[in-house]
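# Observations on chain architecture
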Amino acid sequence: MTLSPRFAPGTFSPSPGRGPLPRMLLAQTRTEFVLTLRNGEQLLLTMLIPLGMLIGLTLLDVLPLAEPRVDHVTPRILALAVMSTAFTGQAIALGFDRRYGVLKRLAATALPHWSLVTGRMLSVLGVVVVQLVVIGAVAAALGWRPDPTGLVPAAMLVLVGTAAFGALGLLLGGALRAEVVLPLANMVWLLLVVAGGIVLSVDILPGPLATLAVALPSGALAEGLTAALVGGTASWSALAVLAAWAAAAGLLAARTLRLS
Amino acid sequence: MSPLAVQICGLVRSFGATRAVDGLDLELPRERVLALLGPNGAGKTTTVEVCEGFLRPDAGTVRVLGRDPGTDAGALRPRVGVMPQGGGAYPGVRAAEMLELVAACAARPLPVGWLLDVLGLTSVSRVPYKRLSGGQQQRLALACALVGRPELVFLDEPTAGMDPQARRLVWELVTALRADGVSVLLTTHLMEEAEALADRVVIVDHGRVVADGSPAELTTAGAEQQLRFGARPGMELAPLVAALPEHCRASEPKPGSYLVEGGVDPQVVATVTAWCAQHGVLADDLRIARRSLEDVFLDLTGRELRS
């Protein structure tokens, strides 16, 4: 069989090479970031539920909170937003990306393997920043006035909290099948929201549960952010708990992450 | 520099109790096209995934561009283009976004817009991957494999799910790649694809090489012209064999499909049609031809290629 020449000679002459690392990393981060913001289900989880809870818990007297209520609700909602994006959303997205062969596709490019994870984490961080801005603005409109001396500790907590939840998301989404990740990630999210120190302060949780919640990344982040943004103090113990979770889950995820 | 783009010696790879590849050998010289031909489950994709560095061999050695893909994957990735089976893209990503992402990983990528245009994807460049047709997804996967100007490409079932027009485009592309000095290892279960594109065809079945050679070598080796025809299944062949010249053999390899081998001339054709007439049947789809790769596969394995 003779095939007609459609391509000029030399069109595909080999000229391989690795792209500049910053360009590769930026391209992957941008793609993942845009896809997260474009995904309706992810937006529900990362934006609409936290905003709904912020407004509801501020305006409705359903939980015993000190006044002004918004000052005590907002740090917990910020913790919820970080957990929703970095853990639940990340785990589900990763599980399905593996199933659809995305990781294998990217691993077949010149992108270093460590960058597959780094790009995802930077994208998660970008989404968290958007969440902080939007939730912060809505909270401010509701009368939130954070303690300025706690902003730096709060930023550190968000950063390490994102790393901790992100590593847990990678651990879950990188090892199990997507069909298992989806219900499991949602179930863990719900458990941590209700009993993990996110919505209910560890002070009002039953004894053993309170002890457990403080050691969980959810409780550590929520309590740490409350201490920073309400009391203006840095909670080093919360930061240590989050760093320990980030390190442990990160090391484990590096061993268990599968491309497909 | 190794003269071989791919060299596989005694490759063995199992999944649990199933041995997917069982002592496979093959060599792909640089700037040539090799087709790995076989039915589903023959071990083609496993072989390719070992070459791509995604699977480790249980035994045997594999060299890609002179390197071990298991330990030197990082050095090989920029030099190799991969089109995995089933595409591989975020469900919500637009076609152009996916190609731009892969292009960003290459030092001197082909122009993304041009590649989309050549592959007929410009009109769907902003359509999410999950809404592309199967053929469009395949073409995007092919674009991703080529955009980095690789030295070697692995194309796993590159035309699966494509319409004839798109399939022809891919064939032209592979022909152009070869002409420009790119080595190509493709898998297929389409014998016409292997015959049209490959310098060398390796037929695999149950993880083993059952034949290896150029399409011409495989289809002419040990076989003269054949006469094939269809008729009522189960007709008695003894009278036909008796009437044919001594050097001819007659058989019914599949029910209702008859084959005469051993030298075909006008007398043989006349004998066959006369035999059919005696049975009151018409010799249907009577044709004289060289063996096809499908015939070769059938001869070697006793099974049809598409089974």
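None of these values were measured; they are calculated from a predicted model. (Residues numbered from 1 in each chain as written. Chains lettered and ligands numbered in written order. Predicted model: local features only at pLDDT ≥ 70, side-chain atom pairs only at ≥ 80, totals over all residues. Heavy atoms only, no water.)

## Some thoughts on the overall build of chain A
To keep it simple, the criterion reads: Helical segments are the DSSP runs of H or I of at least four residues, strand segments are the runs of E of at least two, and each set is numbered from the N terminus. Each residue's exposure class comes from its accessible area (1.4 Å probe, protein chains only) as a fraction of the maximum for that residue type: buried when under 20%, exposed when over 50%, partly exposed otherwise. In this analysis, two residues are considered to be in contact whenever any of their non-hydrogen atoms come within 4.5 Å of each other. Accessible surface area values rest on a Shrake-Rupley calculation with a 1.4 Å probe, where residue burial reflects the displayed protein chains alone. Asp and Glu count as negative and Lys and Arg as positive, but His and the ends of the chain are not part of the count. For charged residues, the charge sits on one atom: NZ in Lys, CZ in Arg, CG in Asp, CD in Glu.
Tallying secondary structure elements over chain A gives ten helices and zero strands in all. Going from N to C terminus, chain A has its helices and strands arranged as α-α-α-α-α-α-α-α-α-α. Principal axes of the C-alpha set define a box for chain A whose edges measure 80 × 35 × 30 Å. Within chain A, the proportion of its 260 residues that are buried is 52%. Sequence-distant contacts, at least 24 apart, represent 79% of the contacts inside chain A between residues at least 6 apart. Working note: accessible area of chain A is about 11,200 Å², and carbon and sulfur atoms make up 73% of it. Taken as two groups, the 16 positive and 10 negative side-chain charges of chain A have centres that lie 22 Å from each other.

## Notes on the sheet that holds strand β7 (residues 183–188) of chain B
Residue and element names in this part refer to chain B. To keep things clear, this is the line we draw: Strand pairing is assigned whenever DSSP identifies at least 2 bridges connecting the two strands. Fitting a line to C-alpha atoms yields each axis, with helices limited to the stretch in contact; the angle taken between N-to-C directions then spans 0 to 180 degrees.
In spatial order, the strands read β5-β6-β7-β3-β8-β9; together these six strands make up an open sheet with mixed pairing. In this open sheet, the two strands that pair with only one neighbour each are β5 (80–83) and β9 (208–213). Pairwise comparison of adjacent strand axes, ignoring direction, gives a mean angle of 15° for this sheet. By the bridge criterion, five bridges tie strand β8 (residues 200–205) to β9 in an arrangement that is antiparallel. Bridge assignment links V202 to a residue of β9, and that residue is D212. Each of β3 (33–37), β6 (152–156), β7 and β8 touches helix α1 (residues 44–51); the most contacted strand, β7, lies at about 150° to it. On top of the sheet, helix α6 (residues 164–179) reaches β3, β6 and β7; it is set at about 150° to β7, its chief contact.

## Some remarks on the state of the cysteines
All names here are of chain B. Put simply, the test is: Here, the term disulfide refers to a pair of cysteine sulfur atoms separated by no more than 2.5 Å.
On inspection of all chains with the given rule, the structure shows zero disulfides over all chains. C9 provides the cysteine sulfur closest to C51, a residue in no disulfide bond, and the two sulfurs are 11 Å apart. A relative accessible area of 3% means that C51 is categorised as buried. For the unlinked cysteine C276, the closest cysteine sulfur is that of C248, found at 15 Å. Look at C276 and you get buried, because its relative accessible area is 1%.

## Side note on the nonpolar core
Definition in use: Only buried residues count toward a nonpolar core, which is a set of Ala, Val, Leu, Ile, Met, Phe, Trp, Tyr and Cys residues joined through side-chain atoms within 4.5 Å.
Ranked by size, the top nonpolar core spans 100 residues in total, and within it V6 and F154 of chain B carry the most contacts. One finds L63, F87, F165 and A185 of chain A within the second-largest nonpolar core, a separate group that totals 51 residues.

## A look at the interface of chain B and chain A
The condition that has to hold: Joining two parts hides part of their accessible area as seen by a 1.4 Å probe, and the buried area is that hidden amount summed over both. By salt bridge we mean one thing: a side-chain nitrogen of Lys or Arg within 4 Å of a carboxyl oxygen of Asp or Glu.
Facing the 51 residues of chain B at the interface are 41 residues of chain A. Each partner contributes to the roughly 3,900 Å² buried at the junction of chain B and chain A, and carbon and sulfur atoms together form 61% of this total. It is Y90, C105 and D180 of chain B in chain B that bury the most area against chain A; as a group they hold 18% of the surface buried on that side. At the surface where chain B touches chain A, the tally comes to two salt bridges. The salt bridge involving K104 of chain A is made with E49 of chain B; its shortest N-O contact spans 2.8 Å.

## Observations concerning the packing of helix α9 (residues 217–229) of chain A against helix α10 (residues 236–256) of chain A
Residue and element names in this part refer to chain A. Applicable threshold: Crossing chirality is assigned from the near helix's rotation relative to the far helix, an anticlockwise turn below a right angle marking it left-handed and a clockwise turn marking it right-handed. In this classification, Asp, Glu, Lys and Arg are treated as charged, Ala, Val, Leu, Ile, Met, Phe, Trp, Tyr, Cys and Pro as nonpolar, and every other residue, Gly included, as polar.
Look at α9 against α10: their axes get within 9 Å of each other, and the N-to-C directions meet at 145°. For the pair α9 and α10, the crossing hand works out as left-handed. In this structure, α9 contributes P217, A220, L221 and G224 to the contact, and α10 contributes A238, V241, L242 and W245. Among the residues making up the contact of α9 with α10, the classes are represented as seven nonpolar, one polar and no charged.

## Quick look at the pattern of salt bridges
When charged atoms on two side chains of opposite charge get close, those side chains can pair. Applying the stated criterion to the full structure yields 19 salt bridges over all chains. R200 of chain B serves as the salt-bridge partner of D212 of chain B, at 2.9 Å between the closest nitrogen and oxygen. Here D212 of chain B, found in strand β9, pairs with R200 of chain B, found in strand β8; they are twelve residues apart in sequence, far enough to count as distant. Here D212 of chain B falls in the partly exposed class, since its relative accessible area comes to 35%. Linked by salt bridges that have partners in common, E32, D97 and R120 of chain A make up one network.

## Side note on the environment of A95 of chain B
Residue and element names in this part refer to chain B. Checked against the element boundaries, A95 lands in helix α3 (residues 95–104). For A95, a relative accessible area of 0% puts it in the buried group. Beyond its immediate chain neighbours, meaning those up to four positions away, A95 contacts V124, S125, V127, L132 and L140.

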